[in-house]
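Coordinate inspection notes
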Amino acid sequence: MESITTADLSVLLIEPSSLQSGLIKQKLIDEGITHIDTASNMQSALAKINKYPPDLIFSNLHYEDGTAVSLLASIRTQDRFMELPFVLISSENRRQHLEIFKQSGVIAILSKPFSQDDLHKAIRATLSFINHSELSLENYDIETLKVIVVDDSKLARKAISKVLRNLGIECLTEFEDGSHAIAYLTENPVDLVVTDYNMPEVDGVALTKFIRQSEKHEHVPVLMVTSESNDTHLQFISESGVSAVSDKPFDACSVKNLLVNILDN
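Anyway, here's the lowdown on the structure attached to this text. Owing to the predicted nature of the structure, the values given are computational and were not obtained by experimental measurement. All chains use their own residue numbering, which begins from 1 and follows the written sequence. Under the rules for a predicted model, residues below a pLDDT of 70 receive no local features and side-chain atom pairs below 80 are neither given nor counted, while totals for whole chains, interfaces and linings still include all residues. Only hydrogens and water are set aside when side-chain values are computed; all heavy atoms of the structure are taken into account.

So, the overall build of the chain
When helices and strands are counted, the chain shows 10 helices and 12 strands. Each radius of gyration is computed over the set of C-alpha atoms, and the globule rule expresses the reference value as 2.2 Å times the number of residues to the power 0.38. Relative to a compact globule of 265 residues, whose C-alpha radius of gyration would be 18 Å, the chain shows 19 Å and is just as compact. Oriented by its inertia axes, the alpha-carbon framework of the chain measures out at about 60 × 40 × 30 Å. For the exposure calls, accessible area comes from a 1.4 Å probe over protein chains only, and a residue counts as buried if that area is under 20% of its type's maximum, exposed if over 50%, partly exposed in between. Per-residue burial over the chain gives 49% buried out of 265 residues. Relative to all contacts within the chain whose residues are 6 or more apart in sequence, the contacts with residues 24 or more apart total 69%. All accessibility values rest on the Shrake-Rupley procedure with a 1.4 Å probe; residue burial counts only the protein chains present in the view. For the chain, the accessible area works out to roughly 12500 Å², and carbon and sulfur atoms hold 48% of it. We score Asp and Glu as negative and Lys and Arg as positive, and we do not count His or the chain ends. Positions of charges follow a simple convention, taking NZ of Lys, CZ of Arg, CG of Asp or CD of Glu. In the chain, 23 positive and 38 negative side-chain charges are present, and the distance between their average locations comes to 5 Å. Note on conventions: DSSP H or I runs of at least 4 residues are helices, E runs of at least 2 residues are strands, and numbering of each starts at the N terminus. The contact definition used throughout considers only heavy atoms, calling two residues in contact when any of these lie within 4.5 Å.

Here we look at the sheet that holds strand β9 (residues 171-175)
Strand-to-strand pairing in sheets goes through backbone hydrogen bonds, with the strands running parallel or antiparallel. The 5 strands are arranged β9-β8-β10-β11-β12 in an open sheet whose pairing can be described as parallel. At either end of the open sheet lies a strand with only one pairing partner, and these are β9 and β12 (244-247). Here the average twist between neighbouring strands, direction ignored, is 20°. In the packing of helix α7 (residues 178-185) onto the sheet, contacts are made with β8 (146-150) and β9, and the angle to β8 comes to roughly 155°. Packing of helix α10 (residues 252-264) onto the sheet brings it into contact with β10 (192-196), β11 (222-226) and β12, and relative to β12 it is tilted by some 170°. Whether two strands pair depends on DSSP finding at least two bridges between them. To define axes, lines are fitted to C-alpha atoms, for helices over the stretch in contact only, and angles between the resulting N-to-C directions are given on a 0 to 180 degree scale.

Some points on the packing of aromatic side chains
Within 6.5 Å between ring centres, the rings of Phe, Tyr and Trp (the latter by its six-membered ring) count as paired, and their orientation is classed by plane angle as stacked under 30 degrees, edge-to-face over 60, tilted in between. Counting across every chain of the model gives 1 aromatic pair. Ring centres 5.2 Å apart and planes at 50° place the aromatic pair Phe-175 and Tyr-184 in the tilted group. Lys-162 extends its terminal NZ or CZ atom over the ring of Phe-129, reaching a point 5.7 Å from the ring centre. We call a charge positioned above a ring when the Lys NZ or Arg CZ atom is no farther than 6 Å from the ring centre and deviates by at most 35 degrees from the ring normal.

Considerations on the pairing of strand β1 (residues 10-14)
Successive side chains on a regular strand alternate, one facing one side of the sheet and the next facing the other. The element β1 is largely enclosed, with a buried count of 4 among its 5 residues. Relative to strand β2 (residues 35-39), β1 runs parallel, the two being bridged by 5 bridges. Within β2, the residue paired with Ile-14 across the bridge is Ala-39. By convention, orient the strands away from the viewer: a clockwise path from the first strand over the helix to the second makes the crossover right-handed. Of the crossover connections in this fold, the one passing from β1 over helix α1 (residues 18-30) to the parallel β2 is right-handed.

Focus: the nonpolar core
Nonpolar cores are built from buried Ala, Val, Leu, Ile, Met, Phe, Trp, Tyr and Cys residues. Side-chain atoms within 4.5 Å join them into one set. Formed by 46 residues in total, the largest nonpolar core has its most connected members in Leu-28, Phe-58, Val-147, Leu-164, Ile-169, Val-194 and Leu-259. Other than its neighbours up to four places away in sequence, Leu-164 contacts Val-147, Val-149, Ile-169, Leu-172, Val-194 and Leu-259. Counting residues in hydrophobic clusters, the runner-up holds 21 residues, among them Ile-49, Ile-75, Leu-88 and Phe-101.

This is the structure in structure tokens:
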């Protein structure tokens, strides 16, 4: 399959302010993106998404007739848009208000005002999310690598699994809680565990401790995916025995490097 480049990307920019829309559009053009459509509200955006689906959406948080939360909820109900890359642009920095986006499989969150470098990273993450870039490993055959993905958010699981499949990993099993993963691990061998931190019954830390105390699985690498930024929580996570920690949104570029390090070492 031929890879999509920056110049190939079709972008829908949703921004109520004509001034902000113009500024952001120019930054996209500076990145080499020329296929740019715009919308100023949710109704217009939904109409354009359904008629001419873009490769990537950049969206402000608030519109006059809704929010990016309601827009995402609407488009994610359709199977063909479950993996549509979405970048949030917002001046909001309160964690509780951004958590829903971090759990919904967005590509990136850009804080206003964002730099050209921030935009470049978001576009690079999008291309990594869309294109196949198989892992080259010394110690594993990528096609037979057995991986479980554990996250209570269906959208987050789908986004993580999409990234892993693009890296050539096909033997994927998904679970919505650590308790289900533990039940699976008692009967099945795995080569890698990718788990969320916050889950309702058995969280990622408890799952990791189970793995480290298991004779059958103590050697299995664990990649923890978390939106946590609290130093105490991060320290707690690192002490649980994880092999590496990745932020939400799940950045395909950094994840590839993390997986090479933890699997080959």
